[in-house]
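# Fold and geometry: a report
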Amino acid sequence: MTDRLDTIWDNQTAAVPAFLPKDIIKMARTQRRKQKIGMAVMSITTGILITYLIWQFPKEVNAFMIGLFIMIASMVIRIAIEYYSRLRKVAGIMQMDGKEYLGYLKTYYQWRKWVHYAITPLCFGAYLIGLIQLFPYFKAAFSSGFYTYLIVSAVVSLSMIAIIIIRQIKAELKFLKCLQF
Amino acid sequence: MTENQFTDTYNQLYPKVYRLCMGYVSGDECTAKELCQQTFIKVWNHRSSFKGDAEISTWIYRIAVNCCLGHLKKKKPLKLTIDPNTVADALEDEESPANDIQQLYQCIDQLKSINKTVILLELEQVPQEEIATTLGYSHGSIRTRLSRIREALLKCITHDR
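Residues numbered from 1 in each chain as written. Chains lettered and ligands numbered in written order. Predicted model: local features only at pLDDT ≥ 70, side-chain atom pairs only at ≥ 80, totals over all residues.

### Remarks on the interface of chain A and chain B
Where we set the bar: Contact between residues is assigned whenever the C-beta positions, reconstructed from backbone atoms, fall within 7 Å. A run of H or I in DSSP becomes a helix once it reaches four residues, and a run of E becomes a strand once it reaches two; helices and strands are each numbered from the N terminus.
On the chain B side, the residues contacting the 35 residues of chain A number 43 residues. Those elements that place two or more of their residues in the side of chain A that touches chain B are α1 (4-10), α2 (21-55), α3 (63-95), α4 (98-141) and α5 (144-178) of chain A. Among the elements that line the side of chain A that touches chain B, the one with the most residues is α2(A), at 7 residues.

Next up, the structure:
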C-alpha cells in the first residue's frame with residue numbers, strides 16, 4: 001500500500017556514498033589496529049605495574065613511589081573500564097536485535113551510571129592524592145618558578161578533564177532518560 | 001566476505017542505510033554519514049560473525065538500527081530566523097519535496113525509538129518479515145504497529161501543514 005508518506009520518502013534526492021568502499025575498509029583496519037595497540041599498551045602497563053608491585057615496591061617505599069603508583073594505577077583502571085564498556089557495547093550491536101539491544105542499552109547505561117557516580121570519582125580522587133604526594137619532591141627538585149608552573153598546569157588540566165568527564169556523564173544520563181520502552 | 005563482495009554490498013545498501021540514518025537523526029546529514037560509516041566499518045570488522053543464516057541485508061540493517069539506537073544525541077535547538085525577503089519564496093516553496101521531507105523527519109522524530117526504526121525500514125521497502133527479524137518482534141506485532149504509526153504520521157504531516 002503506497003500513501004503520501006512513501007511518496008515524500010521516495011522523492012528524496014539519491015544518497016551519494018561519502019566514502020568509497022576501499023576507504024571504509026582502510027578505516028576499519030586502522031580502527032582494529034588502534035584497538036589492538038591500545039589493548040597491548042594497557043596489558044603491558046598493567047603487567048609492569050603488577051611486576052613492580054610484587055618485586056620492587058616493598059624495597060623502596062617512599063611517598064614519591066606511592067604517589068606515582070596510585071596515579072598510574074587509577075588511570076589504568078579507569079581506562080580499562082572505558083575500554084571494556086566500549087567492547088561490550090559493540091558486542092551488543094553485533095549480536096542483538098533491536099528490541100534486545102534497547103533493553104541492553106538500558107542496563108548498560110545503568111551500569112555506566114554506577115561507573116560515573118562511584119568509580120570515576122574514586123579514580124579521580126586517587127589520582128589527585130597520588131599527585132599531591134609528588135609535589136613535595138617537585139618543590140625540592142625544581143626552581144620555584146617551575147614548581148608554580150607545575151601546580152598551575154596540574155590545576156588547569158585536571159579542571160579540564162573534570163569538565164569533559166562531567167559533560168560526558170550528563171550526555172549519557174540524558175540519553176538514559178530518553179530511552180523509551 | 002571478500003573485498004569485492006563488501007564493495008557490492010556497500011554500493012547496493014549504502015543509500016538505504018543512509019536514508020534510514022537520516023530519518024533517525026531528523027535529517028542531520030553529518031550525523032547520518034557518521035552513523036553509516038560506523039555501520040559499514042563494523043560490517044567489515046565483524047564480517048566473520050555473519051553466519052549466512054539470514055539475508056546479508058537483514059544483518060546490516062540490524063547493525064545500522066543498533067548504531068542509531070545507541071547513538072548519543074546531540075540535539076541542537078532549531079534556530080528560526082525570518083528574513084522578510086525570503087518569506088514569499090518560502091510560501092511558494094511550501095509544497096516542495098524538500099519541505100515535505102523535513103516535515104516528515106520532524107514527525108518521525110516524535111516517535112519512540114523502536115517505532116522510528118519500524119517506519120524507516122518500511123519506508124525503505126524492507127519486507128515486514130525482515131523488519132520483524134531485525135527488531136526482534138513478531139510479524140503480526142510489526143504489522144499492527146505499522147498501521148498505527150502510518151496513521152499517526154499522516155495526521156502529523158497534515159496537521160503541521
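### A word on the packing of α2(A) against helix α1 (residues 3-24) of chain B
Inclusion rule: Angles here are taken between N-to-C directions and fall from 0 to 180 degrees, while the axes themselves are lines fitted to C-alpha atoms, restricted in helices to the stretch in contact. Whether a crossing is left-handed or right-handed is set by the direction in which the near helix is turned from the far one by less than a right angle, anticlockwise for left-handed and clockwise for right-handed. Note that Gly is not counted as nonpolar here; it falls among the polar residues with everything else outside the nonpolar set of Ala, Val, Leu, Ile, Met, Phe, Trp, Tyr, Cys and Pro and the charged set of Asp, Glu, Lys and Arg.
Running from N to C, α2(A) and α1(B) cross one another at 115°; their axes reach a closest spacing of 9 Å. Where α2(A) crosses over α1(B), the two elements pack in a sense that is right-handed. Across from A:Pro21, A:Ile24 and A:Ile25 in α2(A), the residues of α1(B) making contact are B:Glu3, B:Phe6, B:Thr7, B:Tyr10 and B:Asn11. For the contact of α2(A) with α1(B), a count of residues per class yields 5 nonpolar, 2 polar and 1 charged.

### Here's the deal with the nonpolar core
This is how the line gets drawn: When buried Ala, Val, Leu, Ile, Met, Phe, Trp, Tyr and Cys residues are joined through C-beta atoms within 7 Å, the set is termed a nonpolar core. Burial in this document is a count-based property: other C-beta atoms within 10 Å of a residue's C-beta are tallied, and the residue is buried at 20 or more, exposed at 12 or fewer, or partly exposed in between, with C-beta positions derived from the backbone.
Among the nonpolar cores identified, the biggest contains 51 residues, and B:Val17, B:Cys21, B:Cys36, B:Ile60, B:Ala64 and B:Cys68 are the most heavily contacted of them. In this structure, B:Cys21 is in contact with B:Ala32, B:Leu35, B:Cys36, B:Ala64 and B:Cys68, ignoring residues within four places of it in sequence.

### A short note on unusual backbone geometry
All names here are of chain B. The residue serine 26 is not glycine, and still its phi comes out positive at about 55°. Tracing the sequence through the fold places serine 26 in the loop between α1 and α2 (29-45). Judged by C-beta crowding, with 20 C-beta atoms within 10 Å, serine 26 ranks as buried. A positive phi is found at glutamine 125, a non-glycine position, where the angle reads about 60°. Mapped onto the secondary structure, glutamine 125 falls in the loop between α6 (113-123) and α7 (128-135). Owing to 11 C-beta atoms within 10 Å, glutamine 125 belongs among the exposed residues under this scheme.

### Details of α4(A)
The α-helix advances 3.6 residues per turn, and as a result positions three or four apart in sequence lie on the same side. Selection rule: Fitting axes to the seven residues that end at a residue and to the seven that start at it, the angle between those axes gives the bend at that residue.
At A:Val115, α4(A) is bent by approximately 35°, the largest bend along its length. By the burial criterion, the buried members of α4(A) are A:Gly98, A:Tyr101, A:Leu102, A:Tyr104, A:Leu105, A:Tyr109, A:Arg112, A:Thr120, A:Cys123, A:Tyr127, A:Gly130 and A:Leu134.

### Here's the deal with the confidence of the model for chain B
Caution applies to low-pLDDT parts of the model: their predicted coordinates are not meant to be read in detail. All names here are of chain B. What counts here: The predictor reports its confidence for every residue as pLDDT, a score running from 0 up to 100.
Mean pLDDT over chain B: 82, with 82% of residues reaching 70 or higher. The least confident element of chain B is helix α4 (residues 84-92), whose mean pLDDT is 47; the most confident is α2, at 91. We note a pTM of 0.74 for the whole complex and an ipTM of 0.76 for its interfaces.

### Digging into α2(B)
Operational definition: A helix's residues, less one, multiplied by 1.5 Å, set its expected span.
Taking 1.5 Å per residue, 17 residues should reach 24 Å; α2(B) reaches 24 Å between its end C-alpha atoms and fits that length. Buried within α2(B) we find B:Ala32, B:Leu35, B:Cys36, B:Gln38, B:Thr39, B:Phe40, B:Ile41, B:Lys42, B:Val43 and B:Trp44. If you follow the buried residues of α2(B), they end up packed against α2 and α3 of chain A together with α1 and α3 (56-69) of chain B.

### Examining the environment of B:Arg62
Position of B:Arg62 relative to the elements: it lies in helix α3. By C-beta crowding, B:Arg62 is classed as buried, having 24 other C-beta atoms within 10 Å. The spacing of B:Arg62 and B:Leu20 is 42 residues in sequence and 11 Å in space, taken between C-alpha atoms. Apart from the residues within four sequence positions on either side, B:Arg62 is in contact with A:Asp97 and B:Thr134.

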